[in-house]
Amino acid sequence: MYIYNVTINIEETVHNEWLDWMKNHHIPDMLATGKFSKALMTKVLVEEEMGGTTYSVQYTTNSKETLQKYYDKDADRLRAETDRFAGKFVAFSTELEIVSERPHP
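Cut-offs applied
Residues numbered from 1 in each chain as written. Predicted model: local features only at pLDDT ≥ 70, side-chain atom pairs only at ≥ 80, totals over all residues. Heavy atoms only, no water. Helix = DSSP H or I, 4+ residues; strand = E, 2+ residues; numbered from the N terminus. Expected span 1.5 Å × (residues − 1). Bend = angle between axes of the 7 residues up to and from the residue. Buried < 20%, exposed > 50% of the residue type's maximum accessible area, 1.4 Å probe, protein only. Contact = heavy atoms within 4.5 Å. Polar contact = N/O pair within 3.5 Å; in protein donor to acceptor, adjacent residues only side chain to side chain. Salt bridge = Lys/Arg side-chain N within 4 Å of Asp/Glu carboxyl O.

Asker: Got a minute to help me understand helix H1 (residues 15–32) in this structure?
Answerer: Residues three or four positions apart in an α-helix share a direction because the helix packs 3.6 residues into each turn. A rise of 1.5 Å per residue sets the reference length of H1, with its 18 residues, at 26 Å; its end C-alpha atoms lie 24 Å apart and thus fit the reference within 8%. Of all the bends in H1, the greatest, near 50 degrees, is centred on Met 22. Within H1, burial applies to His 15, Trp 18, Leu 19, Trp 21, Met 22, His 26, Ile 27 and Met 30. Contacts from the buried residues of H1 go to strand E1 (2–10), strand E2 (38–43), strand E3 (53–61), helix H2 (64–73) and helix H3 (75–80).

Asker: How should I be thinking about the environment of Asp 20 in this particular structure?
Answerer: Along the polypeptide, Asp 20 turns up in helix H1. The sequence separation of Asp 20 and Lys 43 amounts to 23 residues, and the corresponding C-alpha distance is 14 Å. Of note is the side chain of Asp 20, whose polar atom sits 2.6 Å from the side chain of Asn 24.

Asker: Explanation requested: the environment of Ser 37 in the structure shown.
Answerer: Mapped onto the elements, Ser 37 comes out in the loop between H1 and E2. Under the relative-accessibility criterion, Ser 37 is labelled exposed at 58%. With 36 residues separating them in the primary sequence, Ser 37 and Met 1 have C-alpha atoms 10 Å apart. Those residues in contact with Ser 37, other than ones at most four positions away along the chain, are Met 1, Leu 31 and Thr 60.

Asker: Would you explain the pattern of salt bridges in this entry?
Answerer: When the charged atoms of two side chains with opposite charge come close together, those side chains can pair. Across all of its chains, the model carries five salt bridges by this definition. For Glu 95, the salt bridge is made with Lys 64, and the minimal N-O distance between the two is 2.2 Å. Placement of the pair is Glu 95 in strand E4 (residues 89–97) and Lys 64 in helix H2, with a sequence separation of 31 residues. For Glu 95, a relative accessible area of 34% gives the class partly exposed. Residue class for Lys 64 comes out partly exposed when judged on its relative accessible area of 40%. A single salt-bridge network, built from bridges that share partners, covers Lys 35, Asp 74 and Arg 77.

Written out as structure tokens, the structure reads:
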């Protein structure tokens, strides 16, 4: 299993609008691609010198190949939808491979 992690710092001036858009539009659109089995959105509990609020969104996928299909077929379209917040956020993505996962007994 793999996680496509996107870390975003969003300016306070658009924070509420962006958060609503993420939860009700962008994350459902990402899941609708069929490439991800789940999404987890977390708030990063650190105060940034640049201000704003930082979030991490983790999309779980079954393989590196499926993640590549997302990049090839869906990424440009979904990233273009963030244009409405252009200049109001900074983001970077990281690919993670799940090495071990253990549920609580």
